Number of protein chains: 2
Amino acid sequence: MWVKKLLFVFLVTGFIQTAYADQSLTIYSPDGNIQLGILHRTDGSIAYQVFYKGKTVIATSGLGMKFKSPDVSLTKFDVPAVDSSVADETWKPVWGETSSIRNNYKQLVLKLADRSGSGIQLQIIFRVFNDGVGFRYSFPPQSKLNHFIIANELTQFAVTGDHKTFWIPGDYDTNEFKYNTTVLSQVDASSSAMSQEIAAKTFFDKNAVQTPLMMKSADGLYINIHEAALVNYPAMNLVIDKSSFILQAHLVPDAVGNKAYLQTPAVTPWRTIIVSDKATEILASKLILNLNEPSKVADPSWIKPHKMVGVWWELHVGKSSWDYAATQSGSTLVAHGRHGATTANVKKYIDFASKNGIEGVLVEGWNVGWEDWFGQWKEDVFDFVTPYPDFDVKELQQYAASKGVKIIMHHETSASVTNYERWMDTAYRFMKNYGYDAVKTGYVGRIIPRGEHHDGQWMVKHYERVMKKTASYKIMLDAHEPVRPTGLHRTYPNFLACEAARGNEFNAWSEGNPPEHETILAFTRLMGGPMDYTPGLFRIKLNQFDSTKKEQVHTTLCKQLALYVTMYSPLQMAADLPENYEAKMDAFQFIKDVAVDWDDTKILEAEPGDYVISARKAKGKETWFLGAMTDEQPRNFTTSLSFLATDKKYVATIYRDADNADWKNNPEAYVIEKFLVDSKTMLKLKLAPGGGTAVSLAPATAEEAKHIKKIK
Amino acid sequence: MWVKKLLFVFLVTGFIQTAYADQSLTIYSPDGNIQLGILHRTDGSIAYQVFYKGKTVIATSGLGMKFKSPDVSLTKFDVPAVDSSVADETWKPVWGETSSIRNNYKQLVLKLADRSGSGIQLQIIFRVFNDGVGFRYSFPPQSKLNHFIIANELTQFAVTGDHKTFWIPGDYDTNEFKYNTTVLSQVDASSSAMSQEIAAKTFFDKNAVQTPLMMKSADGLYINIHEAALVNYPAMNLVIDKSSFILQAHLVPDAVGNKAYLQTPAVTPWRTIIVSDKATEILASKLILNLNEPSKVADPSWIKPHKMVGVWWELHVGKSSWDYAATQSGSTLVAHGRHGATTANVKKYIDFASKNGIEGVLVEGWNVGWEDWFGQWKEDVFDFVTPYPDFDVKELQQYAASKGVKIIMHHETSASVTNYERWMDTAYRFMKNYGYDAVKTGYVGRIIPRGEHHDGQWMVKHYERVMKKTASYKIMLDAHEPVRPTGLHRTYPNFLACEAARGNEFNAWSEGNPPEHETILAFTRLMGGPMDYTPGLFRIKLNQFDSTKKEQVHTTLCKQLALYVTMYSPLQMAADLPENYEAKMDAFQFIKDVAVDWDDTKILEAEPGDYVISARKAKGKETWFLGAMTDEQPRNFTTSLSFLATDKKYVATIYRDADNADWKNNPEAYVIEKFLVDSKTMLKLKLAPGGGTAVSLAPATAEEAKHIKKIK
């Protein structure tokens, strides 16, 4: 990394002189568009401001910390020194949306000494990028501070008005809410938090929202607030002051009401503000990844982005069940005959995966315990090594190996994390013995240790322990119901994806996800990292499984295809049942073809809550894939394919909504067309209500160039 | 076991008829001395009473349960059935005070149906022994109750007056208090709980005391209240109503205030009332053991009662230290030169043990982490597998093996139990790899999971998990700072001993244990199981280690010897330093000789708070050992040796306080005498203030019978 000491020494010197008047300091992003202002008031308080192209993004906002132990509020400071530097490096992620990422920022380190007499020293480290600002608190080793307990973090984000906001309620345990779109002053987390279909949720303030928080200002700025590198610290919610529009950090407490137990040297996560006047640039930002630590996996050769099918959707739609016996407690297992994870059924999925080049088969409900796993705060639930009698681990290991397919392990913890931690080593050894190298974890329900929360420090440490321990076993990880991601997949690239939001599964048994859902997810949840959203549902109306079933998926079939491109993840499920794909193999071809790792990504069009169009170039190949999705509005776009190589013709295979398609009334109607295109093509996209388009763009062979019709 | 259906069917039939008046039922102990009365009032409430030889022990006392979930109070019942039976069996403990134990009781099972409309059924099971009464609540499998949460147990023990009571304050986290002796109405747990030297304590009620609670009534009854088989449930404290003398059960809560999470079938621990008009019979009671489940260790051949020395007392008196580097945090270990657990020092202990037939050498402070282990609620403290650089695990394994000695592992958890549970399997595998087959655990500090308590259900389950898991690895267990024992060493005989009270160590660095301490411990803490009290201190005045040290042990040297007999444990430490023993090898001979497992035990004289004299016959041998101890009062006894075989002469080696000995002013003065004795001998014992006498009684050889003087 190229790091240079900055030359505004003069200004810095002025800043640190004993202040008889407020002192301020300014630093600009490398491109000059973003300006960070630091204010040191005569009373010792420190504040910051952020501007974008001259517009205020964050007005004067307070910084500080309140400790429980030692009992001290860090709000008034002397500033004995300020350090500054510039960094510019380019690094290569193990996998990602682009094959290399530039990390270019100016850094300012405020070295602060508490004025209250505690003798405590801390730093606030600011990094100003072209796409936003990150800052964190740092507590270096020092004689006056060793162990300490955080009571409250006093960080503020003062936005400049009653912005349009895409939000879910603040909560200590879940992020599986539907998104709301209101101005800040209309946020009401209490009514929204009533969602009945979420197993464990802990409401705390009607004005609280979660991050990533996406806002749009009246003067056209897109502002995203989140955090990066959430390690050894609780997650941050934001509480809105509806008169001042100050968003106040609110950390998730532990079982006794404390926020974090730290020991010097310690740092908080980075608080991130991504800003642009173009929505597409928000989606293209790599700021959060850049603020995370480089990979700790020395040899990542075993980490492989992949697709999977699985004994999964059939469980959610009620065709089969996780449990083997009657859904009740008791030691005797009497099969009820509807068990999904049978040897025979898994073989069916293996066969389908093998035939279609799908690498993985997820199997849920394979292990004993599902008769009495849910909702009782029960500690000894699963053991992660005892299969049901109709699931033959050895036979399936051999069968999968013979077909070149990997079975993916499922560890539902029932949120009994003390129990899972006791079993983890044994469970991972079991996996390796039986040829599994990926695991999907689950944390449904109230956490044990009782009183802890999904998003508190103890669980944040647990999720990281799982990342580390799975890495040590060379196991890839997909976590469900964890804390929202903050870019830790850079540090632990075996952490392929997580849920941490309202996934496609909600369409199976609740009011579901409205058509706008995915267009908001891209700007919120996905800012922190890839999501295992489980796209690819072909049977949209679920009464086809069961005539009494009223639920449906709230997209067209083609939008399900588009999600493989618009919702980036190195782990993608083809979530529907093999028989539903076999009925529409022409459409399934896109799922077979689409890549899961990329050299390059272009965000072509985007507006939160409305639409996203992205194009991505498959890693190491000349093939591109384009996805376009809309909310409940039909939309037409004309999209330049200028990202294509200028010297090539491409065959565009276009999977589009039929002209009469509609997510509600005619969701499965699709048209597949092939045309010759090139970098000068202006591609016309017509998205149905709740619809989408998926396009694969492969260099044309000479034969194809001759016979396939040029696009109009 | 011989079990017979009792014949009071007629009376039972009367009891369960629909009640227009209070109904009562009576059951007697096999010897007729104890009478249990059950009352079913017309309002549905159930109460019990206990009488001993016609005197009231427990007056009318309520029974019941309050659940948090489902939200129901179980206080009014119908009684659809009553079952009764008699049992008489004799069983052999793996080790113990006697080689066989008779379990003889009459049992009454009240089958109750909640009257409040919940449909919940439960049972209260009473067992009446010749030495007391035990009862428990039982929740059989049923359609109206599966998972449930206990809010409060409504059990009462109404004693009949303002009894003299030997008590320590009720607490959720510690039992290491000094004992108080007052009448019930004078109990003040708030002032007593202020002991500064205890790392984690949680006071909750000034009228609360712990069990085993020892009382003596004005009419001469000795009454001991405790519990047996504390499994999957929190420990019970007792809150005194000072006007009615009703003792109300108070369960230790969890992090969110609940008491216990249960699922049918479920039972509570047994509530035990041991009663006699002879104090000696309290000490001889096997009621608590009889109420525990038989051994779950199928092959206990590897479980061996034993003695140990250790790198331990030198740590407590400050001669050396647990930590290797400066006592502070930081990653660099720079030796300070006072580390106790060095390879060379451990070899010294191994040599001493080997030379003197001591089987074990405990080593504390062998593993990295002691620089920053205490008092910070820190989670990642020790890893249990990383030795300090000056502790050579392999070399010591070989050296100990060559000397026929076993090193005993030490696992201080710092009460970070989540951390220990993550490490347990790895730590036990490490032990077995390096030849360790016994572990001493420690739980100093506040529990993690934060908000849980040492004596709550979560920790009770942890301690049992450790018993089970160590058993599965064939590891013997000695737990320090656990919940008070309740006879579980019957079920898990690898659980040799525990601390769970104020041990000898307090004499090293606090005001210490007053001379009466051990005479109370026998009637309180030891009722639940063996204690690792660490007797055998020969250097009584600790200024011999360090001239500035004002602390001292509050006994004479001879009382330290007597403790090996009066304080039963299958694990006994010779706690002092080898050099202190080597200076007095004539007195150390008793420690070498004394057994740790017994065929028979006679409690010869006893009064709580005053004195205990016991004699025990070594397992499989003709040798007896006698121990006598007193409080601060000098005492003379004349004790019959009628327990000796009538056809033999014995050599009595008597280790007694010198005539001018005194715990305070002349504690180390002792006299050793040998006499010929037999079963007709009336042995005169003269105990100094804070003193004691230890006697070994070995069958005399012909030569000895000729030359050793007959006792006068």
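Please read these numbers as outputs of a predicted model, since none were measured by experiment.

Another aspect to go through is the side chain of Asn419(A). All names here are of chain A. Mapped onto the secondary structure, Asn 419 falls in helix α8 (residues 417–433). In this structure the side chain of Asn 419 is engaged in a polar contact, spanning 2.9 Å, whose partner is the backbone oxygen of Phe 382. Sequence-distant contacts of Asn 419, that is, excluding residues within four places in its chain, are made with Glu 379, Asp 380, Val 381, Phe 382 and Phe 384.

Time to look at the interface of chain A and chain B. Across the boundary between the two partners, chain A contributes 27 residues, which contact 27 residues of chain B. Carbon and sulfur atoms supply 48% of the area buried between chain A and chain B, which totals about 2,300 Å² over both sides. Its largest share of buried area at the contact with chain B, chain A owes to His147(A), Arg422(A) and Arg450(A), together 25% of the area lost on that side. If you look at where chain A meets chain B, you find four salt bridges. A salt bridge links Arg422(B) to Glu421(A), with the shortest nitrogen-to-oxygen separation between them at 2.4 Å. Elements represented by at least two residues in the side of chain A that touches chain B include exactly β21 (260–263), α8 and α9 (457–472) of chain A.

With an RMSD of 0.0 Å, the fit of chain A onto chain B corresponds to turning through 180 degrees and sliding 0.0 Å along the axis. Considering both components of the superposition, the chain copies are consistent with a two-fold axis. Counting the interface residues of chain A, we find that 100% of their copies in chain B are interface residues as well, pointing to one common contact surface.

Moving on, we come to the sheet that holds strand β33 (residues 624–630) of chain B. Residue and element names in this part refer to chain B. If you trace the six strands from one edge of the open sheet to the other, you get β31-β32-β33-β38-β35-β36, paired in antiparallel fashion. Either end of the sheet is taken by a strand with one partner, and the two such strands are β31 (598–607) and β36 (670–677). Going across the sheet, the axis of each strand differs from the next one's by a mean of 15 degrees, ignoring polarity. The strands that helix α14 (residues 585–593) touches are β33, β35 (650–657), β36 and β38 (692–699); relative to β35, the one it contacts most, it runs at about 120 degrees.

Note on pairing: side chains with opposite charge can pair once their charged atoms come close. Residues and elements named next belong to chain B. Considering all chains together, one arrives at 78 salt bridges over all chains under this definition. In this structure, Glu 97 engages Lys 286 in a salt bridge whose closest nitrogen and oxygen atoms are separated by 3.6 Å. Linking Glu 97 in the loop between β8 (77–91) and β9 (101–114) with Lys 286 in the loop between α3 (279–284) and α4 (287–290), this pair joins segments that are 189 residues apart in sequence. Residues Glu 97 and Lys 286 agree in their burial class; the two are buried. The closest approach of N and O atoms between Lys 347 and Glu 395, which form a salt bridge, is 2.6 Å. Within this pair, whereas Lys 347 is found in helix α6 (residues 343–355), its partner Glu 395 is found in helix α7 (residues 393–402), the two being separated by 48 residues in sequence.

Our next topic: the pairing of β31(B). Within a regular beta strand, the side chains point alternately toward one face of the sheet and then the other, so they alternate between its two faces. For β31(B) and strand β32 (residues 611–618) of chain B, the ladder comprises eight bridges, and the chain directions are antiparallel. Each residue of the ladder has a partner; that of Trp598(B), found in β32(B), is Ala618(B).

Here we take up the environment of Gln457(A). Residue and element names in this part refer to chain A. On the secondary structure map, Gln 457 appears in helix α9. On the basis of relative accessibility, which here comes to 5%, the residue Gln 457 falls in the buried class. Each C-alpha atom of the pair Gln 457 and Pro 169 lies 20 Å from the other, and the pair is 288 residues apart in sequence. Beyond its immediate chain neighbours, meaning those up to four positions away, Gln 457 contacts Asn 232, Tyr 233, Pro 234, Lys 259, Ala 260, Tyr 261 and Leu 262. At 2.9 Å, the side chain of Gln 457 forms a polar contact with the side chain of Asn 232. From its side chain, Gln 457 meets the backbone nitrogen of Tyr 261 in a polar contact 2.9 Å long.

Our next topic: unusual backbone geometry. A cis amide bond links Ile448(A) with the next residue in sequence, Pro449(A), at an omega value of 20 degrees. With respect to the helices and strands, the residue Pro449(A) is situated in the loop between β27 (438–442) and α9. Here Ser69(B) and Pro70(B) are connected by a cis peptide whose omega angle stands at -5 degrees. Tracing the backbone shows Pro70(B) in the loop between β6 (65–69) and β7 (72–74). Of note, Ala229(B) is a non-glycine position whose phi angle comes to about 60 degrees, a positive value. Inspection of the secondary structure puts Ala229(B) in the loop between β18 (222–228) and β19 (236–240). In the Ramachandran plot, Trp377(B) falls in the positive-phi region, its phi being about 55 degrees despite a non-glycine side chain. Overall, Trp377(B) belongs to the buried group, its relative accessible area being 11%.

Residues and elements named next belong to chain A. Chain-level statistics for chain A give a pLDDT mean of 95 and a share of 96% at 70 or above. The low-confidence segment residues 7–14 (pLDDT under 50) makes eight contacts with residues lying over four places distant or belonging to another chain. The ipTM, which scores confidence in the relative placement of chains, is 0.93 for this predicted complex, and the corresponding pTM is 0.95.

What follows is about the packing of aromatic side chains. On inspection of all chains with the given rule, the structure shows 68 aromatic pairs over all chains. Judged by centre distance (4.8 Å) and plane angle (35 degrees), the ring pair of Phe67(B) and Phe148(B) falls under tilted. Note that Phe67(B) is positioned in strand β6 and Phe148(B) in strand β12 (residues 147–153), a separation of 81 residues in sequence. What makes Phe67(B) buried here is its relative accessible area of 1%. You can call Phe148(B) buried: its relative accessible area is 1%. One aromatic cluster is present, formed by Trp322(A), Trp370(A), Trp373(A), Phe374(A), Phe382(A), Phe384(A), Tyr420(A), Tyr428(A) and Tyr473(A) through successive ring pairs. Above the face of the Tyr261(B) ring, Arg450(A) is positioned so that its terminal group lies 3.5 Å from the ring centre.

Tracing the chain through its elements places Leu63(B) in the loop between β5 (55–62) and β6. With 11 residues separating them in the primary sequence, Leu63(B) and Leu74(B) have C-alpha atoms 9.0 Å apart.

All names here are of chain A. The six strands are arranged β31-β32-β33-β38-β35-β36 in an open sheet whose pairing can be described as antiparallel. With partners counted over all chains shown, the strands left at the sheet margins are β31 (598–607) and β36 (670–677), one partner each. Taken over all neighbouring pairs, the strand axes of this sheet differ in orientation by 15 degrees on average, direction set aside. Bridge analysis of strand β35 (residues 650–657) against β36 gives eight bridges, and the strand direction is antiparallel. Bridge pairing links Tyr 650 to Val 677 in β36. Running over the sheet, helix α12 (residues 557–566) touches β32 (611–618), β33 (624–630), β35, β36 and β38 (692–699) and is turned about 125 degrees from β33. Sheet strands in contact with helix α14 (residues 585–593) are β33, β35, β36 and β38, and its direction is about 120 degrees off that of β35.

Residues and elements named next belong to chain A. The terminal C-alpha atoms of helix α6 (residues 343–355), which comprises 13 residues, lie 18 Å apart, in line with the 18 Å expected from a rise of 1.5 Å per residue. Every buried residue belonging to α6 is among Thr 343, Asn 345, Val 346, Tyr 349, Ile 350, Phe 352 and Ala 353, and all of these are buried. Just downstream of α6, Gly 357 is the residue with a positive phi angle, here 70 degrees.

Residue and element names in this part refer to chain A. Relative orientation of the contacting elements α6 and helix α7 (residues 393–402) amounts to 15 degrees, with a least axis distance of 10 Å. In terms of orientation, α6 and α7 fall into the roughly parallel class. The crossing of α6 and α7 is right-handed. Packed against α6, whose contacting residues are Thr 343, Val 346, Lys 347, Ile 350 and Asp 351, the element α7 presents Glu 395, Leu 396, Tyr 399 and Ala 400 at the interface.

The next point concerns helix α8 (residues 417–433) of chain B. Spanning 17 residues, α8(B) covers 23 Å between terminal C-alpha atoms, matching the ideal 24 Å at 1.5 Å per step. The sharpest bend along α8(B) reaches about 50 degrees and sits at Trp423(B). Most of α8(B) sits out of view: 12 of its 17 residues are buried. Buried within α8(B) are the following residues: Val417(B), Thr418(B), Asn419(B), Tyr420(B), Glu421(B), Arg422(B), Met424(B), Asp425(B), Ala427(B), Tyr428(B), Phe430(B) and Met431(B). Where α8(B) is buried, its residues contact α8 and α9 of chain A together with α7, β26 (406–412), β27 (438–442) and α9 (457–472) of chain B. Gly435(B) occupies a position one or two residues after α8(B) and carries a positive phi of about 80 degrees.

Conventions we followed
Residues numbered from 1 in each chain as written. Chains lettered and ligands numbered in written order. Predicted model: local features only at pLDDT ≥ 70, side-chain atom pairs only at ≥ 80, totals over all residues. Heavy atoms only, no water. Helix = DSSP H or I, 4+ residues; strand = E, 2+ residues; numbered from the N terminus. Polar contact = N/O pair within 3.5 Å; in protein donor to acceptor, adjacent residues only side chain to side chain. Contact = heavy atoms within 4.5 Å. Buried area = accessible area lost by both parts, 1.4 Å probe. Salt bridge = Lys/Arg side-chain N within 4 Å of Asp/Glu carboxyl O. Least-squares fit on C-alpha atoms with pLDDT ≥ 70 in both. Pairing = 2+ DSSP bridges. Axes fitted to C-alpha atoms, helices over the stretch in contact; angles between N-to-C directions. Buried < 20%, exposed > 50% of the residue type's maximum accessible area, 1.4 Å probe, protein only. pLDDT = per-residue confidence, 0-100. Phe/Tyr/Trp six-rings, centres within 6.5 Å; stacked < 30°, edge-to-face > 60°. Lys NZ or Arg CZ within 6 Å of the ring centre and 35° of its normal. Expected span 1.5 Å × (residues − 1). Parallel < 35°, antiparallel > 145°, perpendicular 65-115°, else oblique. Left-handed = near helix turned anticlockwise from the far one by under 90°. Bend = angle between axes of the 7 residues up to and from the residue.

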